[in-house]
Amino acid sequence: MGGKKDGKLGVCVIGSGRAGMIHARNFAHRASGAELVALVDANKATAEEACKALGVRTAYQEYSDALADDRVDAVVVVVPTVLHRDIVVAAARAGKHVLCEKPMAMTPSECDDMIAACDTAGVKLQIGFMRRFDDSFVAAWERIDAGEIGEVVLVKSLTRGPSVPQQWMYDIRASNGPLAEVNSHDIDTLRWFAGCEIEEVYAIGGNFRCPEAREKYPDFYDNLSMVCRFEDGKQGILDGAASVGYGYDARTEIVGTKGVMFVGRIEQDGVVGCSTGAGIARRFVKSWRNLFTEAYFGEDQAFVDCIREGGEPRVRGIDGRMAVAVVNAGNRSILERAPVRVELGTGRRRG
Ligand SMILES: NC(=O)c1ccc[n+]([C@@H]2O[C@H](COP(=O)([O-])OP(=O)(O)OC[C@H]3O[C@@H](n4cnc5c(N)ncnc54)[C@H](O)[C@@H]3O)[C@@H](O)[C@H]2O)c1
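Residues numbered from 1 in each chain as written. Predicted model: local features only at pLDDT ≥ 70, side-chain atom pairs only at ≥ 80, totals over all residues. Heavy atoms only, no water.

Student: Quick question: what am I supposed to make of the side chain of E199 here?
Tutor: With respect to the helices and strands, the residue E199 is situated in strand β8 (residues 198–206). Excluding residues within four positions of it along the chain, E199 makes contact with R229, F230, E231, V340, R341, V342 and L344. (Helix = DSSP H or I, 4+ residues; strand = E, 2+ residues; numbered from the N terminus. Contact = heavy atoms within 4.5 Å.)

Student: For this particular structure, what's the right way to read the pattern of salt bridges?
Tutor: Where side chains of opposite charge bring their charged atoms close, a pairing between them can arise. Applying the stated criterion across every chain, the model contains 24 salt bridges. In this structure, D188 and R132 form a salt bridge, with 2.6 Å as the shortest nitrogen-oxygen distance. Here the residue D188 occupies a position in helix α9 (residues 184–194), and R132 occupies one in the loop between β6 (125–127) and α6 (135–145), the gap between them amounting to 56 residues. Taken as a pair, D188 and R132 share a single burial class, namely buried. Close ionic contact of R191 with D319 constitutes a salt bridge, the shortest N to O distance being 3.2 Å. In this pair, R191 is assigned in helix α9 and D319 in helix α12 (residues 317–336), connecting sequence segments 128 residues apart. Pair check on accessibility: R191 and D319 agree, each one buried. Taken together, the salt bridges that share partners define one network made up of R132, D188, R191, E197 and D319. (Salt bridge = Lys/Arg side-chain N within 4 Å of Asp/Glu carboxyl O. Buried < 20%, exposed > 50% of the residue type's maximum accessible area, 1.4 Å probe, protein only.)

Student: Would you mind showing me how to read the site of the ligand here?
Tutor: Taken together, 22 residues are adjacent to the ligand, and R18, D41, E101, E181 and Y296 come closest. Contact between the ligand and A19: an oxygen atom at 2.9 Å from a main-chain N or O atom of the residue. In the model, an oxygen atom of the ligand is placed 2.6 Å from a nitrogen or oxygen of the D41 side chain. Bound to the protein, the ligand loses 81% of the 850 Å² it would expose on its own. Of the residues contributing to the shell around the ligand, the split by class is eleven nonpolar, six polar and five charged. (Near = heavy atom within 4 Å. Polar contact = N/O pair within 3.5 Å; in protein donor to acceptor, adjacent residues only side chain to side chain. Areas by Shrake-Rupley, 256 points an atom, 1.4 Å probe, with all protein chains shown as cover. Nonpolar A, V, L, I, M, F, W, Y, C, P; charged D, E, K, R; others polar.)

Student: Would you take a moment to explain the packing of helix α5 (residues 108–121) against α12 for this structure?
Tutor: The axes of two packed helices give the description: the angle between them and the distance between them. Where α5 meets α12, the axes come as close as 8 Å, and the angle between the chain directions of the two elements is 170°. Between α5 and α12, the interaxial angle falls into the category roughly antiparallel. Within the contact between the two elements, α5 uses P108, C111, D112 and I115 and α12 uses G317, I318, G320, R321, V324, A325 and N328. Residues that form the contact of α5 with α12 fall into these classes: six nonpolar, three polar and two charged. (Axes fitted to C-alpha atoms, helices over the stretch in contact; angles between N-to-C directions. Parallel < 35°, antiparallel > 145°, perpendicular 65-115°, else oblique.)

Student: Looking at this structure, how should I read helix α1 (residues 18–30)?
Tutor: Because the α-helix completes a turn every 3.6 residues, residues three or four places apart line up on one side. Taking 1.5 Å per residue, 13 residues should reach 18 Å; α1 reaches 18 Å between its end C-alpha atoms and fits that length. Of the residues making up α1, those classed as buried are G20, M21, I22, H23, A24, N26 and F27. (Expected span 1.5 Å × (residues − 1).)

This is the structure in structure tokens:
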């Protein structure tokens, strides 16, 4: 494996921003069987500061330099979504295994290119849906799989985030909007728990919190609701919001023929304050970074393990591709004010 000491997997994180640093810290400090050998960021100072903070010697500004580095066996692609396709295809052609953050890309066709490039090169492709590594989500899935609530009928999932949308997101035709950046996780959760593909969606969106975007970007939405029909008739409901102020809210409900399961916590910690002024007070989870810390680590470790030990990644290219197809259909539905069929292509989820 690239001639590193101890036969460890050499990892390079491409994109040293918010999410990139979560992965980089995991590979630098926690993941076993891996060594963080380089970091890339188009912004030189960002890459250098990240390297300094993590004790990594090599900072690159160009991802092509990392792909030419023999010590790098695998890359984690954590740059803005519009860049995912080209970097993943180039990484596969250079023989590097890939963990690509969600959303996988901008269109199903870009995802197909990425899957084909990784298949041709014989490298692993894992997509960053870390909820599939979260203890609570996994436990719920296992209990449902064991029949605890009967047959799944409806999956409801929501993600409402505190972040103020950045301006590049305002043009939803160019960015795929909050449905992609915030709610891709919910789409994957719906597919995962339903065990089936979404074939049709109807979505509505509205801009309630970003008045500065209204005039120039009338289609921008910071709140959305989407109803989904699965191929086998199951039902899905998703809601999403950006800039909510109260915290980071990620919850799922699965309704079955014999019961219901609730997944997700909203409390920051186990502290309950009681006072005359505030009544009973608990703090809301502030950020995805706090809520899913262990899930990000779980996905990073699983990526290393599936390369070293063999086997399929738990979250595959097809999972990323199907979520992107639903994102595209949802945005079209918002723009056209009509139900839209999802571009399923020839791929299907595994059983
Ligand atoms: N799984 C999750 O929960 C989660 C959370 C946040 C972000 N993300 C995803 O991760 C990706 C990055 O998001 P972020 O919030 O970290 O963004 P960010 O803006 O904080 O960081 C992106 C970094 O990429 C760098 N960059 C831009 N172009 C580059 C290039 N050509 N080569 C190398 N570096 C380049 C930027 O300088 C920046 O430092 C997005 O696809 C986003 O949707 C996933």
